[in-house]
Amino acid sequence: MRASITRPLVAIASLATLISPTLAEPVLQSSSLNACQEESGFTASLFNVVFTPNNNSAAVDIVAVSSVQGFVKFDFAISAYGFEIMRKEVNPCDSGLAGLCPMAAGKIPLKFNLPVSEEAIAQIPSIAYNFPDLDATVKVFINLTDETGTANGKSVACVSADISNGKTVDLAGVKWATAIVAGLALGSSALVSGLGHSNAASHVAANALSLFGYFQAQAMLGLTSVALPPVVMSWTQDFQWSMGIIKLDFMQDIFTWYQRATGGTPATIFDSLHTVSVQVEKRAVEFMEAGMGLAKRHIAQMPRSIVEPVAKIMKRANIQTGSGSYIVYGIQRVAFRAGIESTNLFMTGLVFFCLLVIFTVACVAGWKGYCELAAKKGWMKHDTFLEFRNGWLTVLKGILFRVTLIGFPQMTILCLWEFTQNDSPALMVLAVFFFFGMSITLGWAAMKVIRIARRSLTMHKNPAYILFSDAQALNKWGFLYVQFRASAYYFIVPFLCYILVKGMFVAFAQGKGTVQAVGFIIIEAAALIAASVMRPWMDKSTNSFNIAICVINFLNSIFLLIFTEVFNQPPLVTGVVGLVLWIANAVFALVLLVMLIVTTVIVFFRENPDGRYTYMADDRTSFMKSQTALTATTELDALAATARSGYKPGLDLDDDAESLSSDSLRRQTGTLGGGPHGASTASFQSYNKEKPPRSPVDPSMPLFPADAPRSPRSPPRGYGDNGGYQRQPVGGGYSDRAPSPFGGYGQGQGHNLTPQFRSQNNSSPSPWQRGAGYDH
């Protein structure tokens with residue numbers, strides 16, 4: 001049976017060693033000793049053991065507390081991934097271990113080198129030295145014996161130690177690679193959009209954001225308090241950078257000082273590592289809760305001067321056992337593995353989010369300055385990035401909204417968790433400000449998009465009309481809806497709710513791993529069903545990309561439930577499921593990264609990047625126009641040119657004078673009406689009181705019927721102060737069209753139409769003469 005278990009592990013190990021750092025020599029080591037039975041008579045506050053097979057010895061450093069008296073035997077059981085590979089009894093009297101033969105009650109400091117025989121070394125498989133994040137455990141039962149060494153069958157203590165070989169998948173290279181690819185993809189989408197390839201840019205940005213969301217979902221698995229296998233802990237640690245959990249030593253010193261200065265008490269786990277052990281919790285939550293109860297009973301017996309600081313530690317969920325060692329789990333586990341004190345974790349994530357915002361503003365402002373300088377010096381054409389240069393502040397607002405959306409999962413979890421910790425009054429104020437500020441900002445922006453889309457539906461029977469024709473709305477609010485099809489503009493609301501509810505489970509259910517696992521299953525199942533049924537993203541490929549991510553997230557939530565051991569499965573099943581989770585997610589992440597890299601590179605090397613993608617069914621590209629063309633034509637010019645000569649690029653079809661996102665049309669109306677802006681607005685509002693907003697385009701007709709048969713039609717008529725019909729005198733005759741400051745059809749041809757021609761054609765109005773401003 002051992003061979004059947006080992007063969008597949010050898011194949012996996014050969015692949016894993018390619019990405020794992022190599023050590024000078026093979027080692028097996030452990031840094032914590034955990035009690036594995038209630039009322040264990042032997043505990044250790046410090047435990048460090050390093051076994052080196054090359055010199056046949058194990059260096060042991062232990063500070064233990066024993067209540068066991070008498071002669072004992074040690075019953076060793078070594079298991080890997082839940083499978084027991086070796087069991088052996090050791091008599092301390094035969095091994096010459098002074099202080100353990102016989103054992104005496106009290107504090108036992110031991111520091112020695114233990115010789116290991118060649119026979120014992122030969123029983124350790126070579127895979128144990130090479131497989132990353134080895135899930136191996138040594139469990140020792142201490143059994144009482146008589147002086148002759150005959151066991152009496154009574155186990156007075158049980159301790160276990162987790163074994164590591166120093167190899168891990170928690171690698172800085174993985175973190176840098178994933179962060180650089182995601183960052184470059186987002187930056188590339190902005191650059192491609194500035195060059196005018198909006199279709200390609202929206203695809204790259206949508207995939208980059210989805211990939212970033214997948215990285216954050218991986219990080220959330222590690223932030224749960226579920227007991228995770230070592231390889232899963234290390235794998236999820238690779239993505240904690242997406243939550244702002246990044247260690248810089250000088251920052252940690254500043255955060256510790258700030259917390260003390262604002263009335264808080266920083267944790268000091270790392271300062272005490274040389275005297276106490278820290279147990280990285282990977283056992284059942286039920287046993288951990290029993291440890292919490294034991295710690296509370298110890299605290300109740302302590303003097304008040306000791307109880308107060310210990311109570312603060314308990315409030316932060318850094319559990320200190322009766323022996324003095326710490327147990328970390330969930331968010332504290334992630335902080336400990338990152339080398340960050342748990343009381344500094346909130347400030348770490350907050351500061352890195354703020355640095356991201358500052359870096360983004362500096363990049364956009366710097367690019368604006370470079371473009372202006374390059375255009376002035378002739379380094380690039382004057383019309384290159386012209387739309388960005390003219391409206392860069394609006395673009396910056398949209399980018400900052402997108403950064404807020406990216407950082408929302410991280411700040412939701414950290415702020416809500418800080419509410420339960422209360423590390424200092426100042427940190428609580430920051431948590432309240434950032435959580436509610438970001439939530440209200442994104443909620444208000446989502447409602448803004450919904451109102452714009454509904455107005456577009458009312459006026460034009462198509463939500464894409466204003467959402468994509470208003471350049472300011474697109475640049476400012478597009479981060480919320482460009483990745484979705486136009487009819488699914490509202491999907492940002494359930495997406496924000498998904499992030500919020502998931503963050504609540506992570507932050508508020510620390511210590512309740514089963515609750516978190518069940519909550520994750522419900523949330524991810526709902527997300528998968530919604531994504532599969534509604535398919536809200538812009539096209540088939542983007543839907544497939546995101547549905548695949550939802551499938552993996554749902555499978556991960558099922559694995560998470562298995563790790564809670566609610567099914568009482570054998571330990572071997574838990575170990576194998578951990579390997580499956582790591583391998584499946586590693587392959588999936590690699591595929592997503594390669595797809596994003598290839599897509600981004602192709603965009604830069606194709607002459608027409610937009611041609612690689614099919615145009616979306618919502619016809620959004622037909623409504624998009626350049627901001628620089630807004631003053632080149634009026635709405636009536638656009639409609640007239642469309643009706644007479646077919647579609648012309650750059651037409652301004654936005655007739656939403658009450659746009660919730662832009663006042664561009666108000667400025668046009670005030671300028672083109674020949675009077676002050678206020679008079680024009682009053683006239684429009686007077687008209688709106690008499691008739692509801694209606695589109696000048698018949699929804700039953702194609703939007704740009706350039707090839708459709710044309711029937712004679714009269715030009716559109718103008719409005720008077722009372723909303724009635726008026727003619728504008730032009731020369732010696734009359735024109736049915738308001739004068740345009742840019743010239744065109746109204747001035748050039750309107751006076752050549754005789755009254756007989758108008759009367760003949762007005763008798764059968766064209767479909768283009770229906771809607772607001774036409775008589776029926």
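Scoring rules and cut-offs
- Residues numbered from 1 in each chain as written.
- Predicted model: local features only at pLDDT ≥ 70, side-chain atom pairs only at ≥ 80, totals over all residues.
- Heavy atoms only, no water.
- Helix = DSSP H or I, 4+ residues; strand = E, 2+ residues; numbered from the N terminus.
- Buried < 20%, exposed > 50% of the residue type's maximum accessible area, 1.4 Å probe, protein only.
- Patch = residues over 30% accessible without salt bridge, like charges linked within 9 Å, V, L, I, M, F, W, Y side chains within 5 Å.
- Areas by Shrake-Rupley, 256 points an atom, 1.4 Å probe, with all protein chains shown as cover.
- Salt bridge = Lys/Arg side-chain N within 4 Å of Asp/Glu carboxyl O.
- Core = buried A, V, L, I, M, F, W, Y, C linked by side-chain atoms within 4.5 Å.
- Disulfide = S-S within 2.5 Å.
- Axes fitted to C-alpha atoms, helices over the stretch in contact; angles between N-to-C directions.
- Parallel < 35°, antiparallel > 145°, perpendicular 65-115°, else oblique.
- Contact = heavy atoms within 4.5 Å.
- Nonpolar A, V, L, I, M, F, W, Y, C, P; charged D, E, K, R; others polar.

**Q** For this particular structure, what's the right way to read unusual backbone geometry?
**A** For residues that are not glycine, phi is negative in most cases, and the peptide bond is trans in most cases. Positive phi values are uncommon outside glycine, yet Asn56 reaches one of about 55 degrees. Topologically, Asn56 is positioned in the loop between strand 3 (42-52) and strand 4 (57-66). Judged by relative accessible area, which is 24%, Asn56 ranks as partly exposed. If you check the backbone angles, Asp133 has positive phi at about 50 degrees while not being a glycine.

**Q** Teacher, can you tell me more about a nonpolar patch on the surface here?
**A** Taken together, the side chains of Leu191, Leu195, Trp367, Tyr370, Leu373, Trp379, Ile597, Val601, Phe604 and Phe605 make up a nonpolar region of the molecular surface, amounting to roughly 1000 Å² of accessible area. At the level of elements, helix 11 (345-377) and helix 20 (571-605) are the ones that each hand at least two residues to the nonpolar patch. Counting residues per element, the nonpolar patch draws most heavily on helix 20, at four residues. You can see Phe605 is positioned in helix 20.

**Q** I keep staring at the nonpolar core and nothing clicks. Help me out?
**A** Looking at soluble globular proteins, one finds that nonpolar side chains tend to be buried together. Met103, Trp477 and Phe563 are the most contacted members of the largest nonpolar core, which has 142 residues in total. For this core, the element with the most residues is helix 14 (residues 425-460), which contributes 12 residues. Cys371, Met380, Val395 and Leu396 belong to the second largest nonpolar core, which has nine residues in total.

**Q** I tried to follow the pattern of salt bridges on my own but got confused; where do I start?
**A** One side chain can pair with another of opposite charge once the charged atoms of both are near each other. Counted under the stated rule, the structure contains eight salt bridges. The shortest N-O distance in the salt bridge between Arg337 and Asp170 comes to 4.0 Å. With Arg337 in helix 10 (residues 330-337) and Asp170 in the loop between strand 9 (151-163) and helix 4 (172-194), the pair connects residues that are 167 residues apart, well separated along the chain. On the accessibility criterion, Arg337 (30% relative accessible area) is partly exposed. One salt-bridge network, in which partners are shared between bridges, spans Asp75, Glu84 and Arg87.

**Q** Is there a simple way to think about the state of the cysteines in this case?
**A** One covalent bond between the sulfur atoms of two cysteine residues makes up a disulfide. Scanning all chains against the criterion turns up zero disulfides. Cysteine Cys354 shares no disulfide, and the gap to the nearest cysteine sulfur, in Cys415, comes to 10.0 Å. What makes Cys354 partly exposed here is its relative accessible area of 27%.

**Q** For this particular structure, what's the right way to read the packing of helix 17 (residues 492-508) against helix 18 (residues 513-534)?
**A** Two quantities define a packed helix pair, namely the angle between the helix axes and the distance between the axes. The N-to-C vectors of helix 17 and helix 18 enclose an angle of 170 degrees; their axes lie 9 Å apart at closest approach. Here helix 17 is positioned roughly antiparallel relative to helix 18, judged by the angle of their axes. Contact residues: Tyr498, Val501, Lys502, Phe505 and Val506 in helix 17; Val515, Gln516, Gly519, Phe520, Ile523, Glu524 and Ala527 in helix 18. The class makeup of the residues in the contact of helix 17 with helix 18 is eight nonpolar, two polar and two charged.

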